[in-house]
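Given next are the chains, with one letter for each unit.
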Amino acid sequence: MEYFVGLDVSLRSCALCIVDGRGKVCMERELPCEVDEIANFLNAFGAPIVRIGFEAGALSQHLFFGLQNMGFEIVCMEARQVSAALSAMRNKTDKTDARGIAQILRTGWFSPVHMKSREAHGLRALLSTRKALLKKTMDLANEVRGLRKIFGVRLPRTVKHGSFDGLVRPMIEMDEVLAHAVIPLLDARAVLFQHYLELDRRVKRAASQDEVCMRMMTVPGVGPIAALTFKAAVDDPNRFKRSRTVAAHFGLTPRRYQSGEHDNPGRISKAGDLPPAGSLNVV
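Chains are numbered independently. Their residues run from 1 in the order of the written sequence. This being a predicted model, a pLDDT of at least 70 is required before a residue's local features are given, and a value of 80 or more before pairs of side-chain atoms are given or counted; all residues contribute to the totals for chains, interfaces and linings. The side-chain quantities take in all heavy atoms of the structure and omit both hydrogens and water.

## Things to note about unusual backbone geometry
One non-glycine residue with positive phi stands out, namely aspartate 235, at about 60 degrees. By the secondary structure assignment, aspartate 235 is in the loop between helix H9 (224-234) and helix H10 (244-249). Counting from the N terminus, the helices are DSSP H or I runs at least four residues long and the strands are E runs at least two residues long.

## A short note on the packing of aromatic side chains
For Phe, Tyr and Trp, rings pair up if their centres lie within 6.5 Å, where Trp contributes its six-membered ring, and each pair is then called stacked (planes under 30 degrees apart), edge-to-face (over 60) or tilted (otherwise). Inspection of the entire model under this criterion finds four aromatic pairs. An angle of 20 degrees between the planes, with centres 5.4 Å apart, marks the rings of phenylalanine 230 and phenylalanine 250 as stacked. Pair noted here: phenylalanine 230 is in helix H9 and phenylalanine 250 is in the loop between H10 and strand E6 (254-259), with a separation of 20 residues, a long-range link. According to the relative accessible area criterion, phenylalanine 230 is partly exposed, its value standing at 35%. Put simply, a charge is over a ring when the Lys NZ or the Arg CZ is close to the ring centre, within 6 Å, and near the line of the ring normal, within 35 degrees. When the ring centre of phenylalanine 193 is taken as origin, the NZ or CZ atom of arginine 189, which lies over that ring, is 5.3 Å away. The buried label applies to any residue whose accessible area, calculated with a 1.4 Å probe on protein chains only, is under 20% of its type's maximum; exposed applies above 50%, and partly exposed to all values in between.

## Side note on the pairing of strand E5 (residues 74-77)
Judged by which residues are buried, E5 turns out to be covered on both faces: Ile74 and Cys76 on one side and Val75 and Met77 on the other are all buried. For two strands to be treated as a pair, DSSP must find at least two bridges joining them. Bridge count for strand E4 (residues 49-55) against E5 is four bridges, and the pairing is parallel. Following the sheet pairing, glutamate 55 is matched in E5 by methionine 77. Crossover connection from E4 via helix H2 (residues 60-69) to parallel E5: handedness right-handed. A crossover gets the label right-handed when its path from the first strand over the helix to the second runs clockwise, viewed with the strands pointing away from the viewer.

Structure, rendered in C-alpha cells:
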C-alpha cells in the first residue's frame with residue numbers, strides 16, 4: 001500500500017496527515033516544525049512513504065532540503081492551487097488543511113514549485129536588506145521634512161541622500177526646541193544610510209564578480225540591481241524548456257477569461273515570481 005503525507009506548516013508547529021492510496025486517513029498528528037521531529041515520526045510509522053507535500057511558504061526551503069537529505073521524496077506545491085482546492089472544505093483548521101493537502105498530493109492535482117538554491121536566496125536577501133534600509137532612510141528623511149514645516153522651514157524638493165544631513169543639521173541646530181526633537185532622527189538616519197551604502201557596495205561587487213550579471217549589464221538600462229534580481233529569480237535556467245516561458249514565470253502574460261462564447265483577454269497577470277513593485281517574493 002502506498003502512503004502520502006500532507007503537512008500544514010506554521011511557524012512553530014505543523015499538522016501532519018497520512019493517507020493511503022485509496023484516500024483513507026491513517027494517522028493525524030501535530031508536531032513541532034522541525035526536520036528531525038517530522039523525520040523521526042515518519043520513520044516510526046513503519047510503512048513506506050511515497051511522497052511528502054506542503055504548500056510554498058516561508059519555511060519551505062528549510063523543510064524541503066532537510067527532509068530530502070533524510071531520504072524522503074518532497075514536493076512543494078503551488079500555494080494558489082492548494083488554496084483553491086482547500087476552499088471547498090467546510091471548516092478551515094490546521095488539521096483539515098493537512099488532510100486536504102495529503103489528498104491533493106495523492107491525486108496529483110498540483111503544480112510543483114521550483115526550490116531555489118541557497119545562492120539565489122542569499123542574493124535575494126542581500127537585495128531585500130538593501131531595499132529595506134533605503135526605505136527606512138527615506139522614511140526618516142520625510143519625517144524630518146514634515147516636522148520642519150511646522151516651524152516654517154522648508155527644504156528644496158530634491159535633496160540627495162548623501163548631502164541631506166549636511167544641509168539639514170545646521171538649520172535644525174539653530175532652533176533649540178526643534179533640535180531637541182529632531183537631532184535623534186538625523187543621527188538614526190545617518191547610521192542607516194551608512195549601512196545602506198555598505199550593502200549597496202556589496203550588491204555592486206556581487207554583480208561585477210558574476211559573469212551572467214556582467215553580460216546582462218551590457219544591455220542599456222540594466223544595472224547591478226536589475227541583473228542580480230533577474231539572476232536570483234531565474235536561478236536555474238535549465239528548468240525553462242523555452243525562453244518565452246520565462247515571461248510567464250514573471251507574470252508578463254495576459255489574463256484570460258474563456259467560457260462558452262466569451263473569450264476575454266485582460267491585462268498582464270503580474271502573478272509570477274516577482275510582484276509588480278519589484279520587491280522579492282516566492283520560494
